[in-house]
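An overview of the molecular structure
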Amino acid sequence: GDLDKVVNLLLSLSGRLARVETALGSLGPHAPAEDKLALREKQRLLVAQLEDAKELKEHVGRREEAVGAMVARYLPAEHLHDYQHFVKMKSALIAEQRELEEKIKLGQEQLRCLRESL
């Protein structure tokens with residue numbers, strides 16, 4: 001459960017950071033300085049939060065290894081392999097699902113912007 005939450009947090013923060021960086025890149029040279037400043041501050045905060053989330057993921061990874069070692073003492077090799085595969089795939093699938101959701105959001109944002117510009 002913690003792994004799910006940390007992976008979702010990492011993906012959420014990286015998605016938000018990407019949107020802020022896209023917004024910064026799309027600001028024209030005549031954009032108000034306060035808009036640029038606000039976006040740069042958001043970017044700075046998101047980078048710091050992303051670093052904290054990475055540390056949290058490392059902590060969860062160490063805990064996962066400890067739990068895996070404990071589980072290994074009680075499960076036969078075949079079941080242990082299934083357990084390890086489940087944990088690995090669950091994390092990968094969560095990341096893939098979140099990435100797809102972010103791509104959908106980005107596509108919807110781009111579509112909205114295109115409609116507004118027409």
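Residues numbered from 1 in each chain as written. Predicted model: local features only at pLDDT ≥ 70, side-chain atom pairs only at ≥ 80, totals over all residues. Heavy atoms only, no water.

To continue, consider the overall build of the chain. For the chain, the count of helices and strands is 3 helices and 0 strands. Taken from N to C terminus, the helices and strands of the chain fall in the order α-α-α. When its C-alpha atoms are laid out on the principal axes, the chain stretches across 65 × 30 × 15 Å. Carbon and sulfur atoms form 58% of the exposed surface of the chain, whose accessible area is close to 9000 Å². Across the chain, the centroid of the 19 positively charged side chains sits 2 Å from that of the 20 negatively charged ones. (Helix = DSSP H or I, 4+ residues; strand = E, 2+ residues; numbered from the N terminus. Areas by Shrake-Rupley, 256 points an atom, 1.4 Å probe, with all protein chains shown as cover. Lys, Arg positive; Asp, Glu negative; His and termini not counted. Charge placed at Lys NZ, Arg CZ, Asp CG, Glu CD.)

With that out of the way, let us pick up the UniProt feature "domain: ASD2" (unreviewed entry) in the chain. UniProt marks residues 1-118 with the feature "domain: ASD2" (unreviewed entry), using the numbering shown here. Across residues 1-118 one finds 92% helix and 0% strand; the C-alpha atoms that close the span lie 45 Å apart. (UniProt positions renumbered as here; feature names shortened; annotations may be inferred.)

Our focus in this paragraph is the pattern of salt bridges. Between side chains of opposite charge, a pair can form when the charged atoms approach closely. If you walk through the whole model with that rule in mind, you get 6 salt bridges. Residue Arg19 pairs with Glu109 through a salt bridge whose shortest N-O separation is 3.9 Å. On the criterion of sequence distance, the pair formed by Arg19 in helix H1 (residues 2-26) and Glu109 in helix H3 (residues 77-117) is long-range, its members being 90 residues apart. Judged by its relative accessible area of 26%, Arg19 falls in the partly exposed class. Among the residues examined, Glu109 registers a relative accessible area of 33% and is labelled partly exposed. (Salt bridge = Lys/Arg side-chain N within 4 Å of Asp/Glu carboxyl O. Buried < 20%, exposed > 50% of the residue type's maximum accessible area, 1.4 Å probe, protein only.)

A word on helix H2 (residues 33-74). Its 42 residues place the ends of H2 61 Å apart at the C-alpha level, agreeing with the 62 Å of an ideal helix rising 1.5 Å per residue. For H2, the full list of buried residues reads Leu39, Leu46, Leu50, Ala53, Val60 and Gly68. The inward-facing, buried residues of H2 contact H1 and H3. (Expected span 1.5 Å × (residues − 1). Contact = heavy atoms within 4.5 Å.)

Let's shift gears to the domain arrangement of the chain. The assigned domain composition of the chain is domain 1 (1-74) and domain 2 (77-117). For domain 1 and domain 2, the distance between their C-alpha centres works out to 15 Å. The interface of domain 1 with domain 2 comprises 13 residues on the first partner and 10 residues on the second. Sorting the residues of domain 1 by area buried against domain 2 places Asp4, Leu11 and Arg19 first, and these three jointly supply 40% of that buried surface. Where domain 1 meets domain 2, there are 1 salt bridge. Taken together, the links from domain 1 to domain 2 amount to 0 residue pairs in polar contact (both at pLDDT 80 or more). Elements supplying a minimum of two residues to the side of domain 1 that touches domain 2: H1 and H2. A per-element tally of the side of domain 1 that touches domain 2 places H1 first, with 8 residues. Grouping the amino acids of the side of domain 1 that touches domain 2 by side-chain chemistry returns 6 nonpolar, 4 polar and 3 charged. (Domains from an automatic or database assignment. Buried area = accessible area lost by both parts, 1.4 Å probe. Polar contact = N/O pair within 3.5 Å; in protein donor to acceptor, adjacent residues only side chain to side chain. Nonpolar A, V, L, I, M, F, W, Y, C, P; charged D, E, K, R; others polar.)

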